[in-house]
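Okay, here's what each chain looks like letter by letter:
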Amino acid sequence: MTSIDTTLPRPARTRLPIDPAILVVSIGCILLLAIGGFIFPPFLSAGYLLQQLQIASFLGIIAAGATLVILLGHIDLSVPSAITAVAVLTTTVAGSASPEMAAFAIPIGLAGGALIGLVNGLGVAIFRLPSMVWTLAVNSMLMGVLVFVTGGFKPKGVIPPLSEALALGRTFGIPNVFLFWLVVIVFVGFLLRKTIYGQYLFATGSSEKAVFLSGVRVRLVTVMTFVAAGLFTAIGAILLAGYANQAYQGMGDPYLMPVITAVVIGGTSILGGRGSYAGTVVGALFITLLSSILSVLQMPEALRQIVFGVIILTMLLIRRFDRRSL
């Protein structure tokens, strides 16, 4: 009788001290800085670059959750409506007549994001439905709920002071949201590399069957991952509301493609089990700089989405023929 090898698969490691994808995207960021400075000289000014870091921080924080989900071998397409729903919920509670209720606006917003993540996780882990289909359906339902609640008009609400301070404030000239993103970077890096959860996440993404046979509660890992993704999306939504000084319909629509693109070009395998948040960080910076240049060139939004799609497909094709990603 043959025995079953229940050893957890370890996350793939590159031979180089740095992931080639991170190196390539980092060089791409340098090239974008050079191009931006050439076509628009103020692009390289300290004030403009700090503004880019501020904008990249929102994308990077939301992409932290997407990184966890993609490392697991799934994808979350409910991000756009989740951002809008959390922003509307938070500002509505903050603007309520009850001061006691308004004080809990941010915790309630975070709870709303966690709840959306829980619904996504249960659909994928318990009902075993494809994450792409389930989260797309959740995104559609959230969109319908938002239209029903707001009547299709701009929701009335108040921005929580903490949200505004983090999104717009500065400490010694450095955007507070960027300093907050640095905390997120350290936390996610520790979570992925120094915890049992991180080991299970990589292992599940590499081979869910082997992890299940080893006795790991795969369903729990899946649900926890989607809940964490919901929390990161909620944090990003609350910060975006503070930055825009409002919550509005379609607030999260521009973020789906940039979030996925930042994760994929940063070296995280779309099949799961391989990647890092460091790659996502570099990817978020690249996408932000690219978007800024496209804005300077006054490129229409439709063409920007085409550019993001081409970048994703190119990276997938490159990694398809890279045996190290298998």
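Residues numbered from 1 in each chain as written. Predicted model: local features only at pLDDT ≥ 70, side-chain atom pairs only at ≥ 80, totals over all residues. Heavy atoms only, no water.

J.: Describe the overall build of the chain, with residues and values.
T.: Counting its regular elements, the chain contains 14 helices and two strands. Since a compact globule built from 326 residues should have a radius of gyration of about 20 Å, the 20 Å found for the chain is in line with a globular shape. C-alpha extents for the chain along the principal axes are approximately 70 × 50 × 35 Å. Buried positions account for 49% of the 326 residues belonging to the chain. The long-range fraction of contacts in the chain, counting pairs at least 24 apart against all pairs at least 6 apart in sequence, stands at 79%. When the accessible surface of the chain is summed, it comes to about 16000 Å², and 72% of that surface belongs to carbon and sulfur atoms. Here the chain contributes 18 positive and 9 negative side-chain charges, whose respective centroids are spaced 9 Å apart. (Helix = DSSP H or I, 4+ residues; strand = E, 2+ residues; numbered from the N terminus. Rg over C-alpha atoms; globule rule 2.2 N^0.38 Å. Buried < 20%, exposed > 50% of the residue type's maximum accessible area, 1.4 Å probe, protein only. Contact = heavy atoms within 4.5 Å. Areas by Shrake-Rupley, 256 points an atom, 1.4 Å probe, with all protein chains shown as cover. Lys, Arg positive; Asp, Glu negative; His and termini not counted. Charge placed at Lys NZ, Arg CZ, Asp CG, Glu CD.)

J.: Before we move on, can you summarise the nonpolar core with the specific residues and values?
T.: Soluble globular proteins tend to bury their nonpolar side chains together. Counting residues in each nonpolar core, the largest one holds 80 residues, and the members touching the most others are Trp181, Val184, Leu192, Tyr255, Tyr277 and Phe286. Counting residues per element, this core draws most heavily on helix α2 (residues 46-71), which supplies 12 residues. Once residues within four sequence positions are removed from consideration, Val184 is found in contact with Ile61, Ala64, Phe232 and Tyr277. (Core = buried A, V, L, I, M, F, W, Y, C linked by side-chain atoms within 4.5 Å.)

J.: Explain the side chain of Ser276 residue by residue, including any values.
T.: Among the structural elements, Ser276 can be located in the loop between α12 (256-265) and α13 (277-296). When neighbours within four sequence positions are excluded, Ser276 is seen to be in contact with Ile22, Thr67, Arg193 and Thr268.

J.: Lay out the confidence of the model for the chain in plain terms, naming residues and giving numbers.
T.: Overall, the predicted model of the chain reaches an average pLDDT of 89, with 92% of residues at or above 70. Counted against residues more than four places away or in other chains, residues 1-6, with its pLDDT under 50, gives three contacts. Counting contacts from residues 11-16, a segment whose pLDDT is below 50, to residues more than four positions away or on other chains yields nine contacts. (pLDDT = per-residue confidence, 0-100.)

J.: Tell me what's going on with unusual backbone geometry, and back it up with residues and numbers.
T.: Phi is positive for Arg128, which is not a glycine, with a value near 60 degrees. As for its placement among the helices and strands, Arg128 is situated in the loop between α5 (105-125) and α6 (131-150). Positive phi, close to 60 degrees, is recorded for Gln298, a residue that is not glycine. Looking at the secondary structure, you find Gln298 in the loop between α13 and α14 (301-320).

J.: So what about the packing of α12 against α13? Which residues, and what values?
T.: Put simply, α12 and α13 touch, their axes get as near as 7 Å, and they point 130 degrees apart. By the angle class used here, α12 and α13 are oblique. Like other packed secondary-structure pairs, α12 and α13 cross with a definite hand, here right-handed. Judged by residue contacts, Pro258, Thr261, Ala262, Val263 and Ile265 of α12 engage Gly279, Thr280, Gly283, Ala284, Phe286 and Ile287 from α13. For the contact of α12 with α13, the residue count by class is seven nonpolar, four polar and no charged. (Axes fitted to C-alpha atoms, helices over the stretch in contact; angles between N-to-C directions. Parallel < 35°, antiparallel > 145°, perpendicular 65-115°, else oblique. Left-handed = near helix turned anticlockwise from the far one by under 90°. Nonpolar A, V, L, I, M, F, W, Y, C, P; charged D, E, K, R; others polar.)

J.: Requested: an account of helix α3 (residues 79-94), with residues and values cited.
T.: Along its 16 residues, α3 runs 22 Å from first to last C-alpha, staying within 8% of the 22 Å computed at 1.5 Å per residue. Counting buried positions along α3 yields 14 of 16 residues, so the element is predominantly enclosed. (Expected span 1.5 Å × (residues − 1).)

J.: Which residues make up the packing of aromatic side chains, and what values do they have?
T.: By the definition in use, this model includes five aromatic pairs. Ring centres 6.3 Å apart and planes at 70 degrees place the aromatic pair Phe178 and Trp181 in the edge-to-face group. Remark: Trp181 and Phe178 occur in helix α8 (residues 176-194); sequence separation between them is three residues, near one turn of the helix. Here Phe178 matches Trp181 in class, with each residue buried. Grouped by ring-pair contacts, the aromatic residues Phe40, Phe43 and Tyr48 constitute a single cluster. (Phe/Tyr/Trp six-rings, centres within 6.5 Å; stacked < 30°, edge-to-face > 60°.)

J.: Tell me about the pattern of salt bridges, residues and numbers included.
T.: Summed over the entire model, instances satisfying the criterion amount to one salt bridge. Between Glu208 and Arg128 there is a salt bridge, with its nearest N and O atoms 3.1 Å apart. Note that Glu208 is positioned in helix α10 (residues 208-213) and Arg128 in the loop between α5 and α6, a separation of 80 residues in sequence. Its relative accessible area of 28% is what places Glu208 among the partly exposed residues. (Salt bridge = Lys/Arg side-chain N within 4 Å of Asp/Glu carboxyl O.)

J.: Residue-level account of α12, with values.
T.: Of all 10 residues in α12, eight are buried, a share of seventy percent or more. Restricting attention to buried positions, one finds in α12 the residues Pro258, Val259, Ile260, Thr261, Ala262, Val263, Val264 and Ile265. Directly beyond the C-terminal end of α12, a positive phi value near 105 degrees is found at Gly267.

J.: So what's going on with the environment of Val138? Residues and values would help.
T.: Examined against the element boundaries, Val138 turns out to sit in helix α6. A relative accessible area of 5% places Val138 in the buried class. Not counting residues up to four positions away in its chain, the partners in contact with Val138 are Ser78, Ile116, Val119 and Asn120.

J.: Mind laying out a nonpolar patch on the surface, listing which residues take part and the relevant values?
T.: Together, Ile18, Leu23, Ile27, Leu31, Ile35, Phe38, Ile39, Phe40, Val296 and Leu297 make up an exposed nonpolar region whose accessible area comes to about 900 Å². The residue Leu31 is located in helix α1 (residues 20-39) in this model. Taking relative accessible area as the criterion, Leu31 reaches 51% and is therefore assigned exposed. (Patch = residues over 30% accessible without salt bridge, like charges linked within 9 Å, V, L, I, M, F, W, Y side chains within 5 Å.)

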